[in-house]
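Each chain, written out:
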Amino acid sequence: MARCLALAVALAAFVGYAAAAGNIVDLQPTSYTQLAPVKGQWDIELKATRTADKAAFEAVDCDQNTVSAACNQPLLTADAKDKLQVTATLKAEPLKTVDDLTPNRVVIKACYAKPSAVDRPWRKSNDVIDKDRSCPFVLKSTELNGSTYSVDWAIPKNMTKAAWFAQVLVQCENGTHNSYCQFDSTVNKTYFATNIINSTP
């Protein structure tokens, strides 16, 4: 027992030293709550192919988070070879991050809107980003270099019938590893909706 206590004390001392030395900035998982003070720095625009011409993107202008909303029709599907275009543009530079960490990567995700996650624990949102199950699709992950990031993303066959929003996450150098240091999303602003493929049981 005494030996275990001694090891625990030694470990705590090491962690304290590493944090003071700048090798470990924050051992706790990053949460959306932690990043809230630096939110609101991205303009996120959604466009989609809604006609037979899959090279023609039209602006997605829907602030309703349900599949049945009129502004979400027609639903995007893999059957129709539909595509979603997400463009994230910084409103001003430099990008402000939590704890003034150095940003190095941008990740764009598609996340379930709240009504599409009800009674589905496998889609459950979590304030701790690494435990958040509501954002299963990574549309793009790239080095941060510039102020505008865009992706044309083909709707995959495994995308369910649901309403979605887009999310932008920024990763920063945090001691010896990367951690999330800023985020934005289109929640309460812009949503899109998808349907399952016809062959899905």
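Here's a quick rundown of the structure. (Residues numbered from 1 in each chain as written. Predicted model: local features only at pLDDT ≥ 70, side-chain atom pairs only at ≥ 80, totals over all residues. Heavy atoms only, no water.)

### Structural notes on the environment of R120
Looking at where R120 falls in the secondary structure, it is placed in the loop between β4 (102-112) and β5 (137-143). Considered as a pair, R120 and S134 are 14 residues apart in the sequence and their alpha carbons are 9.9 Å apart. (Helix = DSSP H or I, 4+ residues; strand = E, 2+ residues; numbered from the N terminus.)

### Focus on unusual backbone geometry
With an omega dihedral of -10°, the bond running from Q73 to P74 counts as a cis peptide bond. Secondary-structure assignment places P74 in the loop between β2 (58-59) and β3 (83-90). Look at the link from E93 to P94: it is a cis peptide, with omega at 0°. The topology assignment puts P94 in the loop between β3 and β4. The phi dihedral of N188 is positive, around 65°, even though this residue is not glycine.

### A few points about the side chain of Q85
Within the secondary structure, Q85 sits in strand β3. The class of Q85 is buried, set by a relative accessible area of 16%. Among the polar contacts listed, one links the side chain of Q85 to the side chain of D152, at a separation of 2.9 Å. Residue contacts for Q85: discarding those within four places in its chain leaves E45, L46, K47, F57, S150, V151 and D152. (Buried < 20%, exposed > 50% of the residue type's maximum accessible area, 1.4 Å probe, protein only. Polar contact = N/O pair within 3.5 Å; in protein donor to acceptor, adjacent residues only side chain to side chain. Contact = heavy atoms within 4.5 Å.)

### Observations concerning the pairing of strand β7 (residues 162-174)
Of all 13 residues in β7, twelve are buried, a share of seventy percent or more. The sheet contact formed by β4 and β7 spans ten bridges and is antiparallel. Bridge assignment links R105 to a residue of β7, and that residue is Q171. Strand direction decides the pairing type here: β7 and strand β9 (residues 192-194), joined by three bridges, are antiparallel. Across the sheet, W164 pairs through a bridge with F192, a residue of β9. (Pairing = 2+ DSSP bridges.)

### Quick word on the environment of I155
Here I155 shows up in the loop between β6 (148-154) and β7. Relative accessible area serves as the criterion here: at 6%, I155 is assigned to the buried category. Distance in space between the C-alpha atoms of I155 and K83 is 5.5 Å, their sequence separation being 72 residues.

### Looking at the packing of aromatic side chains
How two aromatic rings sit relative to each other is set out by the distance from centre to centre and by the angle between their planes. Counted by the stated rule, this structure contains six aromatic pairs. Seen in terms of ring centroids, W164 and F192 are 6.4 Å apart; in terms of plane orientation they differ by 15°. Their pairing is stacked. Of this pair, W164 sits in strand β7 while F192 sits in strand β9, and the two are 28 residues apart along the sequence. The exposure class assigned to W164 is buried, which follows from its relative accessible area of 0%. Since its relative accessible area comes to 1%, F192 is described here as buried. Aromatic ring contacts, followed pair by pair, group Y112, F137, W153, W164 and F192 into a single cluster. (Phe/Tyr/Trp six-rings, centres within 6.5 Å; stacked < 30°, edge-to-face > 60°.)

### Re the state of the cysteines
Counted according to the given criterion, the structure contains three disulfides. The disulfide partner of C111 is C135, and the gap between their sulfur atoms is 2.1 Å. Judged by the sign of its S-S torsion, about 105°, the cystine formed by C111 and C135 is right-handed. One end of the pair, C111, is in strand β4; the other, C135, is in the loop between β4 and β5, with 24 residues separating them in the sequence. Through a disulfide, C172 is tied to C181; the S-S separation comes to 2.0 Å. (Disulfide = S-S within 2.5 Å.)

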